[in-house]
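Architecture and fold: a report
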Amino acid sequence: MIAANDPSLRSFVPVPEGSDFPIQNLPFGVFRRADSPAPRIGARIGDHVLDLLEIEAAGLFDGPELRGRDLLRGPSLNAFLAARRPAWREARQTLSLLLRDTEEALRDNQALRARALLPASSVEMCLPAQVGDYTDFYSSREHATNVGVMFRGPDNALMPNWLHMPIAYHGRSSSLVVSGTPVRRPCGQTKADTAPAPSFGASRLLDFELEVGFLTGPGNELGRPIPAAEAEDHIFGLLLVNDWSARDIQKWEYQPLGPFLGKNFATSVSPWVVTLDALEPFRCAGPIQDPEPLEYLHTPGAHGFDIQLEALLAPAGGRNEERLTLTNFKYLYWNMAQQLAHHTVNGCNTRPGDLVASGTISGPTRESRGSMLELCWGGKEPIRLSNGEERTFLRDGDRLTIRGWCQGAGYRIGFGEVTGVVMPALETSQLTAEPRS
Ligand code: CA
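Residues numbered from 1 in each chain as written. Predicted model: local features only at pLDDT ≥ 70, side-chain atom pairs only at ≥ 80, totals over all residues. Heavy atoms only, no water.

**What about helix α6 (residues 141–152)?**
- Between the first and last C-alpha of α6 there are 15 Å, a value that for 12 residues agrees with the 16 Å anticipated at 1.5 Å per step.
- Those residues of α6 that fall on the buried side of the exposure criterion are His143, Ala144, Asn146, Val147 and Gly148.
- Where α6 is buried, its residues touch α10 (372–375).
- After α6 finishes, the residue glycine 153 shows a positive phi value of roughly 90°. (Helix = DSSP H or I, 4+ residues; strand = E, 2+ residues; numbered from the N terminus. Expected span 1.5 Å × (residues − 1). Buried < 20%, exposed > 50% of the residue type's maximum accessible area, 1.4 Å probe, protein only. Contact = heavy atoms within 4.5 Å.)

And the structure:
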């Protein structure tokens, strides 16, 4: 049998040149059809979505792992995520076979094709999973160093613990939104260094954070850590994350307990989850870790992935988007297996469909910085746009888009995009008005 990652595979479904979604990818997502309100699971191929409820109803998921288990009926990926890698592999292999130009089961079944293959432009994408918990790591050494230099100076840029463990905080899953959802500029408490007291109002330093997240598969029981060597069996796939940040709110609130309202007003994710199996050809070594991590964080072998990542800005009122940054997932110092091993080493449990994000991914050059804060170096070096404007942080009406892809020989395994436009803050009078009597 030809493996699902074979670059020579072709689908009978047309895949445009340079598409993120050739038959070698087959990411999973959740969508709504125009003619049916209940969310369904789909797989993406070229500019089409394959409706897996129709494939399930046609009895085509007939392998030993999936037959009769109803794992792909929706309304979210959670039941499928709980089912472990043999089921994930069987689903992907089944779809790979069904969509090949050499296989007739779907290709020659006109009625089923008409029901199951939908133009991607005709469906509404949803969050891929019901995310119970969202954790945000801080795993890019370049990002942590840049921020540390800005806030504490070059001598104390990395905190003493940073090279010994993957640092993270617990985020907020309630404000996760799918790509395309507008994001309202938050209001909050801020205090300028020179001001004697804080004030309340719209954040002036709204930022994006270019990140990649993974969705967890089978969970672990409370009290039972996931060993680093088994951690990748708990990672279903990856998606793009824009972890919007209000830097002025964050700066005033973050000590002593860390991020709170500056971070939890919105986090946007891309709708298609690219499986770890599809990314396998792009596995690569991560950075050398010195000092050597403690034993529970040992991950011999290659645990990085060569995923190119870009952030683009379409300025308010303009049509053209321009690239702000080009970076790569492989720069991350702490890998996903280490993140999950560390997250659970105290017995903390994960559940299927938890979102674990990388933290902002910056690279070694100025052009590879993953946030406005770093790109404009805290506001000191404004970014010049081709329309003559400058930016330090995001303005109302700006659209920020993150894209990601692995480049193979003649094909790419892509993530699509996560995009969102900044909406003006609510009038502060609406937030502080006296209750009517
Ligand atoms: Ca973040």
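**Focus on the pattern of salt bridges**
- Counted according to the given criterion, the structure contains 31 salt bridges.
- A salt bridge links arginine 85 to aspartate 233, with the shortest nitrogen-to-oxygen separation between them at 3.9 Å. In this pair, arginine 85 is assigned in helix α3 (residues 85–99) and aspartate 233 in the loop between β13 (210–216) and β14 (235–242), connecting sequence segments 148 residues apart.
- On the basis of relative accessibility, which here comes to 10%, the residue arginine 85 falls in the buried class.
- Shared partners join several salt bridges into a network, and the residues in it are Arg33, Asp35, Arg40, Asp51, Glu54 and Arg115. (Salt bridge = Lys/Arg side-chain N within 4 Å of Asp/Glu carboxyl O.)

**So, the pairing of strand β6 (residues 134–137)**
- Side-chain alternation along β6 places Tyr134 and Asp136 on one buried face and Thr135 and Phe137 on a second face that is also buried.
- In this structure, β6 lies alongside strand β22 (residues 355–357), joined through 3 bridges in parallel fashion. Residue threonine 135 lies in a different strand from β22, and its bridge partner there is valine 356.
- The pairing of β6 with strand β7 (residues 168–170) spans 3 bridges and is classified as antiparallel. (Pairing = 2+ DSSP bridges.)

**Overview of the sheet that holds strand β2 (residues 36–45)**
- Read from one edge to the other, the open sheet built from 5 strands follows the order β4-β3-β2-β1-β5, with strand pairing classed as antiparallel. The sheet is open, and its two edges are formed by β4 (117–119) and β5 (124–126), each paired on a single side. Across the sheet, the mean angle separating the axes of adjacent strands is 45° when strand polarity is ignored.
- Inspection of the sheet shows β2 paired to strand β3 (residues 48–51) by 4 bridges, in the antiparallel sense. Each bridged residue has a counterpart across the sheet, and for arginine 44 the counterpart in β3 is valine 49.
- Each of β1 (28–33), β2 and β3 is contacted by α3, which is oriented at about 65° to β1, the strand it contacts most. (Axes fitted to C-alpha atoms, helices over the stretch in contact; angles between N-to-C directions.)

**Considering the coordination of the calcium ion**
- The calcium ion binds to the protein through Asp136 (OD), Glu209 (OE), Glu211 (OE) and Asp243 (OD); the donor distances cover 2.2 to 2.4 Å.
- Look at where the donors of the calcium ion fall in the sequence and you get D-x72-E-x1-E-x31-D. With a gap of 73 residues between them, aspartate 136 in strand β6 and glutamate 209 in the loop between β12 (206–207) and β13 connect regions that are remote in the sequence.
- For aspartate 136, a relative accessible area of 3% corresponds to the buried category. (Donors = N, O, S within 2.8 Å, 3.2 Å for Na, K, Ca; no water.)

**Focus: the sheet that holds strand β20 (residues 308–314)**
- In space, the 5 strands of this open sheet follow the order β9-β26-β25-β20-β21, with mixed pairing throughout. Since the sheet does not close on itself, it has two edges, and those belong to β9 (183–184) and β21 (322–328), each with one partner.
- Both strand β25 (residues 399–407) and strand β26 (residues 412–423) contribute to a ladder of 8 bridges, which runs antiparallel. Directly across from tryptophan 405, in β26, lies its bridge partner glycine 414.

**Observations concerning the pairing of β2**
- Within β2, 7 of the 10 residues are buried, leaving the element largely enclosed by the surrounding structure.
- Sheet topology note: the β1/β2 ladder contains 5 bridges and is antiparallel. Considered in β2, the bridge of phenylalanine 28 is made with alanine 43.
- Count of turn residues in the β1/β2 antiparallel hairpin: 2 residues.
- Connecting β2 to the antiparallel partner β3 that follows it, the hairpin turn spans 2 residues, and glycine 46 within it adopts a positive phi of roughly 55°.

**Quick notes on the environment of glycine 223**
- With respect to the helices, strands and loops of the structure, glycine 223 is situated in the loop between β13 and β14.
- The spatial distance from the C-alpha of glycine 223 to the C-alpha of asparagine 349 is 7.0 Å, given a sequence separation of 126 residues.

**Here's the deal with the domain arrangement of the protein**
- What the domain assignment lists for the protein is domain 1 (28–126) and domain 2 (134–425).
- Once you take the C-alpha centre of each, domain 1 and domain 2 turn out to be 30 Å apart.
- At the interface, 18 residues of domain 1 touch 18 residues of domain 2.
- Taken as a group, Phe28, Leu81 and Arg85 account for 36% of the area that domain 1 buries against domain 2, more than any other trio of residues on that side.
- Arginine 85 is the partner of aspartate 277 in a salt bridge, and the nearest nitrogen-oxygen pair spans 3.6 Å.
- Between the two partners, domain 1 and domain 2, sit 5 residue pairs in polar contact (both at pLDDT 80 or more).
- Sorting the residues of the side of domain 1 that touches domain 2 by element identifies β1, β2, α2 (78–81), α3 and β5 as the ones contributing at least two each.
- The element best represented in the side of domain 1 that touches domain 2 is α3, accounting for 4 residues.
- Taken together, the residues that form the side of domain 1 that touches domain 2 break down as 10 nonpolar, 3 polar and 5 charged. (Domains from an automatic or database assignment. Buried area = accessible area lost by both parts, 1.4 Å probe. Polar contact = N/O pair within 3.5 Å; in protein donor to acceptor, adjacent residues only side chain to side chain. Nonpolar A, V, L, I, M, F, W, Y, C, P; charged D, E, K, R; others polar.)

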